[in-house]
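Observations on chain architecture
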Amino acid sequence: MPDLSTYTGKDIQVLEGLEPVRRRPGMYIGGTGKPGLHHLLWEIVDNAVDEAVNGHASAIDVTIHKDGQSATVSDNGRGIPIDMHPERKVPTLQLILTTLHAGGKFDHTNYITSGGLHGVGASVVNALSSEMVATVRRDGNTYEQRFARGAPATKLKKVSNSTRGTGTTIFFRPDADIFETTTFDTAWIKEQLEVKTYLNRSLKIIFRDEAKGERVEFQHEGGIAEYLEALVAQREARPIHDDVFMVAQEELRDDARIEIALQWTEAPSETVKSFVNGIPTKDGGTHEQGFRDAVRSAVRAYMDTHDLLPRGLDIAAEDIREGLVAIVNLFLVDPQFQGQTKEKLNNPAARSLIVSAVRLDLEQYLNSHGSTGDAIAARVIQAAKARQASRAAARSARSKGSRNRKLNLPGKLADCSSKDPAASELFIVEGDSAGGSAKQGRDRRSQAVLPLRGKVLNAEQATVKKVQANKELSNVVQALGCGLGQDLDLSLLRYHKIILLMDADSDGHHIATLLLTFLYRYMRPLIDEGHVFIAQPPLYRLDAGKETYWALDDSDRERITRELRDRRSNIKIDVQRFKGLGEMMPKTLKETTLDPDRRRLLKVAIPDTQRTETENLISDLMGKDASARYRFIMEHAAEVEALDL
Ligand code: 0R9
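Reference entry: report on the structure contained in this document. These numbers come from a predicted model, not from an experiment.

With respect to the overall build of the chain
In terms of helices and strands, the chain carries 20 helices and 24 strands. Relative to its 645 residues, the chain shows a buried fraction of 50%. Sequence-distant contacts in the chain: of pairs separated by 6 or more residues, those separated by 24 or more amount to 69%. Accessible surface, the chain as shown: approximately 31,000 Å² in total, 49% of it carbon and sulfur.

Next up, the structure:
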């Protein structure tokens with residue numbers, strides 16, 4: 001609790017100033033879920049990074065404490081000023097931790113700050129923390145002030161008159177009354193902290209996870225070139241040229257500079273990581289648009305000049321960017337952000353600024369490094385040809401399909417009689433025997449069944465060609481009827497509900513994961529538009545007297561048993577565990593899983609705030625890098641109650 005004996009009228013005024021933050025936290029940090037919680041940490045870390053970027057600090061310590069719910073960030077900069085603010089008559093430290101101010105930062109000439117959402121100010125972190133302790137080492141002394149929910153709990157005190165060096169330390173505990181979760185994700189934090197050291201090459205960050213007894217030190221003097229190398233390796237994308245193209249313009253304009261690194265690889269998609277003042281701009285914005293425009297026109301100009309464009313081949317912007325891995329970091333004095341999470345740059349000038357900085361440089365670079373230019377041109381041509389081939393295939397499949405839609409459907413599909421996609425569902429089922437039960441238990445008018453027999457390919461690790469050649473996946477594509485990749489046309493989708501119906505065991509989960517990976521990479525609009533679902537067949541049947549209950553898993557079975565025994569302690573319960581869907585009577589499958597009035601479906605969705613996480617999860621779990629998979633398993637092993645092996 002705040003120590004109210006030291007409370008003055010001014011403090012109350014200050015507290016009122018932070019009240020809107022506690023009332024509507026989402027307006028300041030985007031939300032109160034996991035990303036919002038971590039915004040508090042980024043805010044404090046970014047304030048320390050600002051001090052380092054401005055040349056006054058060299059090392060930052062970040063500790064997540066043993067409980068996983070509180071953090072300490074420390075820098076070796078000048079220390080936040082503790083002198084009395086001349087107008088407000090309170091110590092500057094107290095003022096910046098208890099007052100909301102536009103842009104979040106005080107006007108200090110020549111002090112480049114991170115801005116954007118992270119620039120909301122340390123006062124927002126204070127307001128949303130049940131405890132905060134600020135310690136400043138300055139003028140040979142150590143000072144401390146404590147806060148609770150944004151209000152001073154003590155006055156600023158000198159706690160020691162000996163100190164080694166200068167700096168600021170902030171301890172805070174996010175308020176459990178505000179956040180849905182207050183547990184920090186140390187793996188994510190570690191990753192983001194390392195990115196900060198790539199973007200600020202002289203910066204050292206030491207991260208400690210007290211719960212794991214772990215200490216890691218990040219420092220990357222190779223800067224974004226080293227970051228690019230790490231990204232390419234992480235994506236398992238083989239570069240198609242050895243050299244990395246870099247743009248580093250210190251004097252772009254007096255209020256802006258950029259740093260860009262790029263390389264083309266064999267990867268089937270592009271990876272562009274953009275930042276403004278070292279802060280990730282997950283949703284892109286004007287700087288990313290400018291970068292894409294510049295790359296497109298430089299490569300096109302190179303291909304034109306050297307007469308490398310095959311006649312009749314139409315090259316699209318996406319062909320030029322296929323396989324491109326790039327990092328774009330723009331430093332701007334006054335960045336403006338938009339979007340729900342304020343992670344999209346909106347300064348119109350950033351676009352032309354980047355175009356003019358990159359376009360000519362890249363074209364000249366290609367002209368003077370002919371083998372690199374030619375390798376990129378060959379990559380672009382390969383992408384354009386593959387796109388044209390897949391478009392032609394989709395067109396011919398569609399025209400055949402429109403002549404006789406039935407002829408073009410996979411032989412194993414048991415179609416429904418309805419021709420109205422909005423009223424039709426497709427169950428994708430594992431194995432012929434489960435397929436048989438589903439076919440018998442379905443409603444023939446509106447429910448179609450497609451059994452998969454062979455192995456489903458891992459689309460994350462395979463080439464586009466291999467994916468197109470995979471029988472099971474091409475059956476799925478044919479049955480859905482809407483094409484895939486760039487050519488996907490939702491208006492042709494034959495079923496508005498696509499339901500994955502797999503056994504409730506580890507093999508079933510594996511097949512569902514493979515199918516979801518395929519849909520995510522090749523038919524993403526189906527997920528984004530809410531057409532993909534997962535069925536929940538029961539794993540157990542429980543008979544108690546005349547009543548039957550269905551349990552989805554072990555914990556569901558235990559819950560039902562407990563509830564029945566609470567009612568009658570000696571009740572006899574017969575439990576049957578289904579080995580697989582194939583073993584289930586069609587009638588049972590209908591009652592528990594197929595019938596729209598009685599079943600429970602899970603809708604597959606990717607919330608806006610989890611797009612990057614989803615992308616990383618899929619590339620870590622399904623990609624070729626076994627060490628990423630191992631890391632994930634080790635990090636989540638504790639959450640698994642019983643492995644079904
Ligand atoms: C642990 C996290 N670190 C910080 O939050 C932090 C803020 C900060 C800072 C200054 C130095 N170090 C810092 N660490 C600073 C000092 C001076 C001028 N500008 C900035 C100075 O000594 O003159 N501040 C960030 C904003 C402010 N200080 C200010 F508004 F209070 F001045």
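So much for the structure itself; the text now carries on.
Some details on the environment of E259
You can see E259 is positioned in strand 11 (residues 256-264). A residue is classified by how much of its surface remains accessible, and E259, at 11% relative accessible area, is buried. Residues E259 and F331, spaced 72 residues apart in sequence, show a C-alpha to C-alpha distance of 8.3 Å. At 3.4 Å, the side chain of E259 and the side chain of R201 are in polar contact.

Structural notes on the nonpolar core
L41, V62 and F172 are the most contacted members of the largest nonpolar core, which has 45 residues in total. Here the element with the most residues in this core is helix 3 (residues 34-53); it accounts for nine residues. Those residues in contact with F172, other than ones at most four positions away along the chain, are L40, L41, I44, S70, A71, V125, S129, E131, M132 and F184. Ranked by size, the runner-up nonpolar core spans 40 residues in total, among them L426, A462, L484 and A512.

Focus: the sheet that holds strand 18 (residues 447-452)
Within the open sheet, the five strands sit side by side as 18-17-19-20-24. Their pairing is mixed. The two strands at the open ends of the sheet, each matched to only one other strand, are strand 18 and strand 24 (601-603). Each adjacent strand pair in this sheet contributes to an overall mean axis angle of 25°, direction not counted. In this structure, strand 19 (residues 497-501) lies alongside strand 20 (residues 532-535), joined through three bridges in parallel fashion. Note that in strand 20 the partner of I498 across the bridge is V532. Running over the sheet, helix 14 (residues 471-480) touches strand 17 (425-430), strand 18 and strand 19 and is turned about 165° from strand 18.

Some thoughts on helix 12 (residues 432-441)
Inspection of helix 12 places A434, G435, S437, A438 and G441 among the buried residues, and these make up the whole buried set. The buried residues of helix 12 all sit within an arc of 160° when viewed along its axis, so they share a single face. Exposed residues pointing more than 90 degrees away from the buried face of helix 12 are listed as S433 and Q440. Elements in contact with the buried residues of helix 12: strand 17, strand 18, strand 19 and helix 18 (586-594).

Examining the pattern of salt bridges
Scanning the model with the defined rule gives 41 salt bridges in all. Residue R22 pairs with D175 through a salt bridge whose shortest N-O separation is 3.0 Å. Of this pair, R22 sits in helix 1 (residues 9-23) while D175 is found in the loop between strand 7 (167-174) and helix 6 (186-199), placing the two residues 153 residues apart along the sequence. In terms of burial, R22 and D175 fall into one category: buried.

Considerations on unusual backbone geometry
Although it is not a glycine, D139 adopts a positive phi angle of roughly 50°. One can find D139 in the loop between strand 3 (129-138) and strand 4 (141-148). On the accessibility criterion, D139 (56% relative accessible area) is exposed. Even without glycine at this site, D307 takes up a positive phi of about 50°. A relative accessible area of 62% places D307 in the exposed class.

Some remarks on the pairing of strand 1 (residues 59-64)
Counting buried positions over the six residues of strand 1 gives five, a clear majority of the element. Direction of pairing for strand 1 relative to strand 8 (residues 204-209): parallel, over a ladder of six bridges. Following the sheet pairing, I64 is matched in strand 8 by D209. Of the strand pairs in this sheet, strand 1 and strand 2 (residues 71-75) are connected by five bridges, and their pairing is antiparallel. Its bridge partner lying in strand 2, I60 is registered against D75. Taken together, strand 1 and the strand that follows it, strand 2, pair antiparallel across an intervening segment of six residues, in which G68 is found at a positive phi of about 75°.

About the cut-offs
- Along each chain, residues carry numbers from 1 onward, in the same order as the chain's sequence is written.
- For this predicted model, a pLDDT threshold of at least 70 governs which residues receive local features, and a threshold of 80 or more governs which side-chain atom pairs are given and counted, while totals over whole chains, interfaces and linings are taken from all residues.
- Think of the side-chain values as coming from all heavy atoms in the structure, minus any hydrogens and water.
- Only runs of H or I of at least four residues qualify as helices and only runs of E of at least two qualify as strands under DSSP, and these elements are numbered from the N terminus.
- Buried, partly exposed and exposed residues are distinguished by accessible area as a fraction of the type maximum, computed with a 1.4 Å probe on protein chains only: under 20%, between the cut-offs, and over 50%, respectively.
- Note on contacts: a residue pair qualifies if any of its non-hydrogen atoms lie within 4.5 Å across the two residues.
- Shrake-Rupley sampling with a 1.4 Å probe provides the accessible areas, and residues are treated as covered by the protein chains on show and by no other component.
- N or O atoms closer than or at 3.5 Å make up a polar contact, with two conditions inside protein: a donor-capable atom paired with an acceptor-capable one, and, for residues adjacent in sequence, both atoms drawn from side chains.
- Nine residue types can take part in a nonpolar core, namely buried Ala, Val, Leu, Ile, Met, Phe, Trp, Tyr and Cys, and a core is a set of them joined through side-chain atoms within 4.5 Å.
- Two strands make a pair as long as DSSP finds a minimum of two bridges between them.
- Each axis is a line fitted through C-alpha atoms, and for a helix only the stretch in contact is used; angles between axes span 0 to 180 degrees, taken between their N-to-C directions.
- For this quantity, the arc is that covered by the directions from the helix axis to the C-beta atoms.
- In what follows, salt bridge is the name for a side-chain nitrogen of Lys or Arg lying within 4 Å of a carboxyl oxygen of Asp or Glu.

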